[in-house]
Amino acid sequence: MLTLGIDSGSTTTKAVLFDGEKIVKTMLVPTSATPKQSINYLYDQLHNEDVVYTVATGYGRELLERADKKVTEITCHAQGAAFLDPNVRAIVDIGGQDSKAILLDNNLNVIDFLMNDKCAAGTGRFIEVMMRILDEDLQHIDEFVVGKTPANITSMCTVFAETEIVSLLADGVDKGDIALGIINSICRRTSFFARKLNLYGSIFFSGGLANFEIFRKTLEKHVGLPVVTSPMSQYAGAIGAAVIGWRKAQKTR
Amino acid sequence: MELIKTLPDVFEEFSEQRRNSFMSAFEMKEKNIPFVGTFCTYTPTEIIMASGAVPVGLCSFSDETIPDAEQDLPRNLCPLVKSSYGFAKTQKCPYFYFSDLIVGETTCDGKKKMYEMLAEFKDVHVMELPNRQSVEGRKLWKQEVIALKEKLEEKFGVEITEEKVREQVKLSNRNRLALRHFYELMKLDPPPMAGLNLYGVLYGSSFKFNREKAIQEVNALTERIKKEYDEGSRPIPKRPRIMVTGCPIGGNAMKVVKAIEENGGNVVCYENCGGAKSVDELINEEAEDIYQAIADRYLNIGCSVMTPDSNRLKLMGRLLEEYKIDAVVEVVLQACHTYNVESYTIKRFVTEHNLPYMCIETDYSSSDIGQLNTRCAAFIEML
Ligand code: SF4
Ligand code: SF4
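This section reports on the structure supplied with the text. (Residues numbered from 1 in each chain as written. Chains lettered and ligands numbered in written order. Predicted model: local features only at pLDDT ≥ 70, side-chain atom pairs only at ≥ 80, totals over all residues. Heavy atoms only, no water.)

**Notes on the environment of B:Glu184**
All names here are of chain B.
So, step 1. Within the secondary structure, Glu-184 sits in the loop between α9 (162–183) and α10 (195–205).
So, step 2. Exposure remark for Glu-184: the relative accessible area of 26% places this residue in the partly exposed category.
So, step 3. Glu-184 sits 108 residues away from Asn-76 along the chain, and the two C-alpha atoms are 37 Å apart. (Helix = DSSP H or I, 4+ residues; strand = E, 2+ residues; numbered from the N terminus. Buried < 20%, exposed > 50% of the residue type's maximum accessible area, 1.4 Å probe, protein only.)

**Re the pattern of salt bridges**
Residues and elements named next belong to chain B.
So, step 1. Per the stated rule, a full pass over the model turns up 47 salt bridges over all chains.
So, step 2. Among the ionic pairs, Arg-75 bridges to Glu-70, the shortest N-O distance being 3.8 Å.
So, step 3. Judged by its relative accessible area of 66%, Arg-75 is exposed.
So, step 4. Residue classification places Glu-70 among the partly exposed positions, given a relative accessible area of 26%.
So, step 5. A salt bridge links Glu-330 to Arg-312; its shortest N-O distance comes to 2.5 Å. Here Glu-330 is found in strand β7 (residues 327–333), whereas its partner Arg-312 is found in helix α15 (residues 310–322), with 18 residues between them in sequence. Accessibility assignment for this pair places Glu-330 and Arg-312 in one class, buried.
So, step 6. A single salt-bridge network, built from bridges that share partners, covers Lys-5, Glu-13, Lys-208, Lys-213 and Glu-217. (Salt bridge = Lys/Arg side-chain N within 4 Å of Asp/Glu carboxyl O.)

**Thoughts on the packing of aromatic side chains**
The relative placement of two aromatic rings is captured by the distance of their centres and the angle of their planes.
All names here are of chain B.
So, step 1. Inspection of the entire model under this criterion finds 17 aromatic pairs over all chains.
So, step 2. Relative to Phe-98, the ring of Phe-26 lies with its centre 6.3 Å away and its plane at 40 degrees, an arrangement referred to as tilted. Linking Phe-26 in helix α2 (residues 17–30) with Phe-98 in helix α6 (residues 94–98), this pair joins segments that are 72 residues apart in sequence.
So, step 3. Phe-98 gets classed as buried once you look at its relative accessible area, which sits at 11%.
So, step 4. Cation over ring: Lys-208 sits above Phe-14, and NZ or CZ is 4.6 Å from the ring centre.
So, step 5. A cation over an aromatic ring shows up here: Arg-234 above the ring of Tyr-229, its NZ or CZ 3.7 Å from the ring centre. (Phe/Tyr/Trp six-rings, centres within 6.5 Å; stacked < 30°, edge-to-face > 60°. Lys NZ or Arg CZ within 6 Å of the ring centre and 35° of its normal.)

**Some remarks on the site of ligand 1**
So, step 1. Lining the immediate surroundings of ligand 1 are B:Phe39, B:Cys40, B:Thr41, B:Tyr42, B:Thr107, B:Lys111, B:Pro248, B:Cys273, B:Cys303 and B:Tyr339.
So, step 2. When its residues are assigned to classes, the shell around ligand 1 shows seven nonpolar, two polar and one charged. (Near = heavy atom within 4 Å. Nonpolar A, V, L, I, M, F, W, Y, C, P; charged D, E, K, R; others polar.)

**Overview of helix α12 (residues 255–262) of chain B**
Residue and element names in this part refer to chain B.
So, step 1. Of all eight residues in α12, six are buried; the element is thus mostly enclosed.
So, step 2. Among the residues of α12, Lys-255, Val-256, Val-257, Ala-259, Ile-260 and Glu-261 are the ones counted as buried.
So, step 3. Against the buried residues of α12 lie α10, β5 (241–246), β6 (266–270), β7, β8 (357–362) and α17 (369–382).
So, step 4. Gly-264, located one to two residues past α12, shows a positive phi value of around 100 degrees. (Contact = heavy atoms within 4.5 Å.)

**Notes on the site of ligand 2**
So, step 1. Around ligand 2, a shell composed of B:Cys78, B:Val81, B:Cys108, B:Lys111, B:Cys247, B:Pro248, B:Leu333 and B:Cys336 is seen.
So, step 2. Taken together, the residues of the shell around ligand 2 sort by class into seven nonpolar, no polar and one charged.

**Focus: the sheet that holds strand β8 (residues 110–116) of chain A**
Residues and elements named next belong to chain A.
So, step 1. Strand order in this open sheet of five strands is β8-β7-β6-β9-β10, and the pairing throughout is mixed. In this open sheet, the two strands that pair with only one neighbour each are β8 and β10 (227–228).
So, step 2. Taken together, the five bridges between strand β6 (residues 88–94) and strand β9 (residues 202–206) define a ladder with parallel strand orientation. Bridge pairing in β9 places Val-92 opposite Phe-205. (Pairing = 2+ DSSP bridges.)

**Regarding the sheet that holds strand β1 (residues 2–8) of chain A**
Residues and elements named next belong to chain A.
So, step 1. In spatial order, the strands read β3-β2-β1-β4-β5; together these five strands make up an open sheet with mixed pairing. Of all the strands in the sheet, just β3 (23–30) and β5 (69–70) have a single pairing partner and so form its edges.
So, step 2. Where β1 meets strand β4 (residues 51–58), seven bridges bridge the pair, whose relative direction is parallel. Its bridge partner lying in β4, Gly-5 is registered against Val-55.
So, step 3. Contacts from helix α1 (residues 35–46) reach β1, β2 (12–18), β3 and β4, with the element oriented near 150 degrees to β3. (Axes fitted to C-alpha atoms, helices over the stretch in contact; angles between N-to-C directions.)

**As for the pairing of β3(A)**
All names here are of chain A.
So, step 1. As paired elements, β2 and β3 share seven bridges and run antiparallel to each other. Within β3, the residue paired with Thr-12 across the bridge is Pro-30.
So, step 2. Counting the residues between successive antiparallel strands, the hairpin from β2 to β3 contains four residues, one of them, Gly-20, with a positive phi of roughly 100 degrees.

**What about the packing of α12(B) against α17(B)?**
A pair of packed helices can be characterised by two numbers: the angle between their axes and the separation between those axes.
Residue and element names in this part refer to chain B.
So, step 1. Direction vectors running N to C along α12 and α17 enclose 45 degrees, while the axes themselves pass 8 Å from each other. Our classification of the angle between α12 and α17 gives oblique. For the pair α12 and α17, the crossing hand works out as right-handed. On the side of α12, the interface is formed by Lys-255, Val-256, Ala-259, Ile-260 and Glu-262, while α17 contributes Ile-369, Leu-372, Asn-373, Cys-376 and Ile-380.
So, step 2. Here the contact of α12 with α17 is composed, by residue class, of seven nonpolar, one polar and two charged. (Parallel < 35°, antiparallel > 145°, perpendicular 65-115°, else oblique. Left-handed = near helix turned anticlockwise from the far one by under 90°.)

**Description of helix α7 (residues 109–118) of chain B**
All names here are of chain B.
So, step 1. By the burial criterion, the buried members of α7 are Gly-110, Lys-111, Met-114, Tyr-115 and Leu-118. Take α7 and look down its axis: the buried residues cluster within an arc of 135 degrees, on one side only.
So, step 2. Its buried side turned inward, α7 meets α5 (79–89), α6, β3 (99–105) and β4 (124–127). (Arc of directions from axis to C-beta.)

**Describing the interface of chain B and chain A**
So, step 1. With 13 residues of chain B at the interface, the matching set in chain A holds 14 residues.
So, step 2. For the pair chain B and chain A, the summed buried area comes to about 1,100 Å², and 52% of that belongs to carbon and sulfur atoms.
So, step 3. Counting the surface chain B buries against chain A, the share from its top three residues, B:Thr374, B:Arg375 and B:Met382, is 44%.
So, step 4. Our count for the chain B to chain A interface comes out at one salt bridge.
So, step 5. Along the contact surface separating chain B from chain A lie four residue pairs in polar contact (both at pLDDT 80 or more).
So, step 6. When residues of the side of chain B that touches chain A are traced back to their parent elements, those giving at least two are β8 and α17 of chain B.
So, step 7. Ranked by residue count, the leading element in the side of chain B that touches chain A is α17(B), at eight residues.
So, step 8. Tallied by class, residues from the side of chain B that touches chain A come to six nonpolar, three polar and four charged. (Buried area = accessible area lost by both parts, 1.4 Å probe. Polar contact = N/O pair within 3.5 Å; in protein donor to acceptor, adjacent residues only side chain to side chain.)

Keep in mind that these numbers describe shape and distance, not what the molecule does.
Okay, here's the thing in C-alpha cells:
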C-alpha cells in the first residue's frame, strides 16, 4: 500500500510515494507555464495500483482533479517537516514566490503561521534576479562565497536592490562579497518576518534555497535558534501531503 | 407581516438594497425630504432623523474610484477613505449627490482630513469625537450632539424638540433590537444562514429608508428563518464557527468572508462596524437627560480610534462566549493604523481565550484572492 503526495509550487512541481514508513520514490519537474500539465504528468508517472490515496497541495492543488484530497501547503509543509525531523517546532520556507513561517505545538499540530506574498524581496525570486545580475550560477553559491565579507545591501525592495547591486558592481566591489551581502539581506528579512511568531525548538528550513549550506548558516545566525534542513527539504510539501494521505487512508480502512 | 418570497430571494433583495433604494431616495428628494450623509458608527442618527432628514451611510467598499481619489490623496491611505472620497469627488455615489449635509467625526486621521477636502464640494459638519470614554469625553460628546442638533435646525429651518428626539430614540432602539434578534439567530449550531447573507441583511437594512417598515421586514425574516430551522431546515453544515472583527467591511472587502466560507468555515458573528459594534447597545429611553444618554451610548462604541479601547475587548469577550466561537479572523484594511496596531492587543486577547487568531491585511482589489483562499483554508485546517 502506498500514498502519493504532489506539491504544485510556483517554480517546481514535486511528487513522492510513501509506504507508511519511508519515502520510496521522488520526482520533480519544472512547473513552467503549465502547472496543470506538470501536476497531471507527475500523477500519471507515479500513480499505480498500489496507491490508495492521493493528496495534492501547493498553488496548483486545485488543478489535479483526480486527487482524493486537496490540502494547503501550510499544513503539508508542516507535516512534511515534522516527518523529516520530529524535533522541529517551526518551519521557515523560502519559496519561489512567497515565504512562510509555520509554528507547531508539541503534538506537531500547526498553531500559527505567517505568509509573505506581497513582495518578491524575501523570496527565492529575489535571489534569482540578483544572481542573474551578478552573472553567476546559484548552484555554485556555497563555493562562491567562501572567505568573503558581505557587502552591505540595504534596499528593502527587489527593484531598488537591483540598482544598488549594479552600482556596487560599478564601484568594483567583489562579486562574492555582493553575493554574500544578498544572502545576508534575504536571511535577515526572513528572520524578522519569522520572529513575529513565538519561535522555539529547532527550525526546519525548506524551499529551494535550503539546499545551500550558506543560507542555512546565515539564517541560523539571524534567528538565533538551531536551523536544520534535510536533503529532502524541497520535498517537504509533497511528503506532508503523502503523510496526510496515509492517515486518511488508515482512517477509511 | 409575512414574507412571500423564498429566503434566497429575500437575501438577494437585501444585498441589493443599497442600489434598489436609489429610486426611493430620488422620490424623497423630490418631496423635499433632506438627506444627511454619514461615514461612521459614532454618528447619532437619531438627531438627524428628529430633524426630518434621512441619514444615509456613504462609506464605500469598491476600488472603482480609487484612481480618481489618488489624484488628490496619497496612495498609502486606507481604501475606505480613498474609495469614499473618490465616489464623492466623481459624483458617482447618488447618495452623496443627494446629501444636503455630510456629518463626520474626528475619528481616524484619514477620515478627519478627508472631511476637510469634502467640504469643498458639500456642506460638512464635523463633530469632535473625544479620544477617550472619560468623564470629560462624555461632556464634550454631549455638547457635540447638541451642536449637531443646532446645525440641523439651522440648516433645515426646523425645530428639533426633545419629544421628537425621544421618539426617534425609541424607533432606533426597536431597530437595534430587530437587528440583534436577527443576528442572534447565528447562535444556533449549525447556523441557519451563511455569514455572507447575514451581512447582506444587516447592511441592506440600513438602506431601507422607511425605518418602521424596515423593522417589520427584519422581524418577519427572523421569524421565517426560525420557523424553517425549527422545521428541520439546515441550509449550512456544521463547521468551525468564525468571528470577524477589525475594520468595517462590505462590497469588495467581503472577499475575506467569501474565502472563509468557501474554505470550510462559517462566519457566525461580526464584531466590527456593520455588525455588533454598531448595533449592540441600546439608548436609555427613560433617561432624564436624553442628550447625555445618546452621547453615552455612542461614545461607548469600542472602536480602535479610542484609547484605550477596552470596550472593544468587553464586547468581544462576551460575543466569543455567546456565539461559541472557534476562531477569530481580523480584517485590517491596508494603512488603517489604529486597527493595525490594535491587532496586537486583539491577538493577545483571543489567544488568552485559547482560540486561534488570524489577521488579514487587505484592500478592495481582487489581486490577493488566491492567497486569501490559501490562508483561510490553512487557518481552518488548523482548527
Ligand atoms: S471602525 Fe470606528 S471609525 Fe470606522 S466607522 Fe466604525 S466606529 Fe467609525
Ligand atoms: S478602516 Fe481604519 S483608516 Fe479606514 S476609515 Fe476606518 S478607522 Fe479610518
